[in-house]
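Examination of the molecular architecture
The primary structure of each chain is shown beneath.
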Amino acid sequence: MALQSGTNSSASVVNRLSLPVEGMTCASCVGRVERALKAVPGVQTAAVNLATERADITFSGQADPQAAASAVEGAGYAVREETTELAIEEMTCASCVGRVEKALKHVPGVLEANVNLATERARVRHLAGVVSTADLEAAVELAGYKARRLSAETANANDQDTERRESEARALQRSLSVAAVLTLPIFILEMGSHLIPAIHQWVMMVLGMQTSWYLQFALTTIVLFGPGLRFFRKGIPALLRGAPDMNSLVAVGTAAAYGYSVVATFASAVLPEGTANVYFEAAAVIVTLILLGRMLESRAKGRTSQAIKRLVGLQPKTARIERDGQTVEIPLDQVTTGDVVFVRPGEKVPVDGEVIEGASYVDESMITGEPVPVSKGVGAAVVGGTINKTGAFSFRVTKIGANTVLAQIIRLVEEAQGSKLPIQALVDKVTMWFVPAVMAAAALTFLVWLIFGPAPALTFALVNAVAVLIIACPCAMGLATPTSIMVGTGRAAEIGVLFRKGEALQALRDVSVIALDKTGTLTKGRPELTDLFPAEGFEYNEVLALVAAVETRSEHPIAEAIVAAAKQRDITLAPIEDFEATPGFGVSARIAGRTVSVGADRFMTQLGLDVASFLPAAQRLGEQGKSPLYAAIDGRLAAVIAVADPIKETTPEAIKALHALGLKVAMITGDNAATAAAIAKQLGIDEVAAEVLPDGKVAALKQFRINGARVAFVGDGINDAPALAEADVGLAIGTGTDVAIEAADVVLMSGDLRGVPNAIALSQATIRNIKQNLFWAFAYNAVLIPVAAGALYPVNGTLLSPIFAAAAMALSSVFVLGNALRLKRFKAPMSVDARVNEPEKQNLSALSHAE
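Criteria and thresholds
- Residues numbered from 1 in each chain as written.
- Predicted model: local features only at pLDDT ≥ 70, side-chain atom pairs only at ≥ 80, totals over all residues.
- Heavy atoms only, no water.
- Phe/Tyr/Trp six-rings, centres within 6.5 Å; stacked < 30°, edge-to-face > 60°.
- Helix = DSSP H or I, 4+ residues; strand = E, 2+ residues; numbered from the N terminus.
- Buried < 20%, exposed > 50% of the residue type's maximum accessible area, 1.4 Å probe, protein only.
- Lys NZ or Arg CZ within 6 Å of the ring centre and 35° of its normal.
- Expected span 1.5 Å × (residues − 1).
- Salt bridge = Lys/Arg side-chain N within 4 Å of Asp/Glu carboxyl O.
- Polar contact = N/O pair within 3.5 Å; in protein donor to acceptor, adjacent residues only side chain to side chain.
- Contact = heavy atoms within 4.5 Å.

Our focus in this paragraph is the packing of aromatic side chains. Under the definition given, this model contains 13 aromatic pairs. Between Phe225 and Tyr258, the aromatic rings sit 5.8 Å apart at their centres with planes inclined by 75 degrees, giving edge-to-face as the arrangement. Of this pair, Phe225 sits in helix 7 (residues 209-225) while Tyr258 is found in helix 9 (residues 246-266), placing the two residues 33 residues apart along the sequence. With a relative accessible area of 12%, Tyr258 lands in the buried category. Centroid distance Trp449 to Phe460: 5.5 Å. Interplanar angle 20 degrees. Geometry classified as stacked. Remark: Phe460 occurs in helix 15 (residues 457-471) and Trp449 occurs in helix 14 (residues 424-452); sequence separation between them is 11 residues. Taken together, the ring pairs in this structure connect Tyr214, Phe217, Phe225, Phe232, Tyr258, Phe266 and Phe280 into an aromatic cluster. Positioned over the ring face of Phe585 is Arg602, at 5.7 Å from the centre of the ring.

Now for helix 19 (residues 540-551). In a regular helix each residue adds 1.5 Å, so 12 residues correspond to 16 Å; helix 19 covers 16 Å between its end C-alpha atoms and thus fits that length. Burial runs high along helix 19: nine of the 12 residues are buried. Within the span of helix 19, buried status applies to Val543, Leu544, Ala545, Leu546, Val547, Ala548, Ala549, Val550 and Glu551.

A few words now on the pattern of salt bridges. Inspection of every chain in the model, using the stated rule, returns 19 salt bridges. Glu85 is the salt-bridge partner of Arg121, the closest N and O atoms lying 3.7 Å from each other. You can see Arg121 sitting in strand 8 (residues 121-127) and its partner Glu85 sitting in strand 6 (residues 81-89), a full 36 residues away along the chain. Residue classification places Glu85 among the partly exposed positions, given a relative accessible area of 23%. In this structure, a network of salt bridges that share partners links the residues Glu81, Glu112 and Arg125.

Moving on: the side chain of Asn769. Mapped onto the fold, Asn769 is located in helix 28 (residues 755-789). Residue Asn769 is classed as buried on the basis of its relative accessible area, which comes to 3%. Among the polar contacts made by the side chain of Asn769, one reaches the side chain of Ser484 at a distance of 2.6 Å. Filtering out sequence-adjacent residues up to four positions away, Asn769 remains in contact with Ser484, Asn819, Ala820, Arg822 and Leu823.

What follows deals with unusual backbone geometry. Residues Ala455 and Pro456 are joined by a peptide bond in cis, for which omega reads -10 degrees. By secondary structure assignment, the location of Pro456 is in the loop between helix 14 and helix 15. For Asp578, which is not a glycine, the phi torsion comes out positive at approximately 55 degrees. Within the fold, Asp578 resides in strand 22 (residues 576-582). Residues other than glycine seldom take positive phi values, yet Ala592 does so here, at roughly 50 degrees.

Spatial relationships are all this shows, so hold off on functional conclusions.
Okay, here's the thing in structure tokens:
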């Protein structure tokens, strides 16, 4: 163990600590770390071992891992951190979340703990080697809940969760059925007597009131200590620990109604005259209705995690591979890197790999959100979980298990679903005190009615106090935010938007400026021949063949684009002679006896040629942000040419959509100001930062933050990583580089800029949904708790029956969950259906390195 009890102190005082230290290289490092640790208050001894890279520390009292870690970091070294994920069972409300978080944070060495009621998971960040899983589980169990470490494999963890949820749902269904069958005769005997004269007559004349009470007592006892025993098992211990939760409210409320009724039935003489009434039906109906609410809540919770289940279900169970010259089908967990996998039409691709034989079209919509199948040939990357449509092919496995794109997506979505948004901070503070406040309100209600209420005061006091206890609903408050996050981030993954950090879901809604990198984001990221206007007497292919032949001698990107355009048209390029380059002007050569010159307008002037005839075309190209070049053949002006990084076909539509959302759009580019202004005018971009060097993008972002504007940045390259990290929200094109994806908060899996308005629209819808849930949860309690206490009785005589209070409480959680589930029907404002180029698709595996 990293933490040990001291021999001369009580066993409860942990005073020895073993800390892993990183970054030490020599004896001097050891000395620095030891001196830093000995300076920590309470440290008696500190011994650092360079070989094991550990520091063994003895404290005079309780060990303080955080202080020791801070001292090591202050000396310039690092203490390794780990993150442990736990499944937490038996949480029922927001108060439970607060108690579990508090218990985990009190474990020495824990740096951060986040607990999610909807996913029933805890993510704990702690010092490596200092905190064990057993320590965390023990802390949770001491707080009154159950914890278990999630298995390493996501699929196994989800199977365990699904099995547990199904088992819990079946148990709730059984308990509800028993409670409902037993509660019905109680309700008929008591409430039927009040509402239906014939039943009242039968009870009083045939059955007898006392016999009716005995029967109600028997049935209610079975309901409370059969199906309803779960509330007492959880609620009473929580109450005794001074940490009451929702179960405590139900247990105290039903126990009060039941206990009073038992006294009225068997010892009515001890009660004031006129107060001997029974409320067995209230206790039984409360248990039944809350069980009904729990069952509906359990079903709805299961539906919130369907996105993860669908993602897990994408991966097939087996793969057909080549082993020892034979094709065999083996379980997926036996596939290894380097295996050759065969895929037939209609089958799923089992794991990630690279096509080595055959060709086909593959449906990648479940990964990228694009419905159009993508062509795959030799050398193309394929992603596990995608569906082969037409042809057959074989591929070599490059990634398996947790390293595949699908596994990475599942893990990142789970992390986003388990995160807490800033909006949750206020909720957490309120809910920690909510249940004690409700119990205090119930006690106050009882006293006020007992002292000032009309006769029979004791009856009024009891009924209203129970109503206050039962109507309060911390469940709805605890579920309001996490359920919306779960459904929202799951739906985002389905449309090709991956929130790597849950906080981005809220931050993206608040941005007012979208800054876009030009190259690779607004444009295709590689130069292409966009225009070639031949002069009279020359043919397009003739000019292109001669110009491309000259450019074969140049390595400039413009030359490569012209040569590539000729190859696309299957034009044969003739050999050249006498190649000559004039720096700053252009190039010349002889081809099959013809003289060809290519360059800027000043080169044509130097050759004695007038470019005036091409002036209108050149101006038009300039307005489009393109720089014109000219070609001369045999001393005659032959053509005006433009090579540019073309704007993606989807870019104008995406920018219009961003404007429709009320956002200002900015562009950051290294182009000269004139070219940048032309592109901005063509696309309707509002602001431009031109002639920006790669390391100047961060400074450009700060310019857009004038007047406190929140800025999102969209980029795809290695040089975009600092800007992605600097922005309030960084969005990486999913077909970009590993570094860019790792620095981003949101990844657009399709590489389509139209994913940006989709991500923003989903963010807005999710936060709107969360606010609706929070309003309902808080307004419900703020309005109905006073009503349950009898606030309207002096005005119009209205009192709230505990039975109606239980129904309202059960429905409040179901309402919040149902509202969150509406996000599953979110329609992306833009259809991401453009076919992304194959070279970009091959970079999809970059996501595998994002974590």
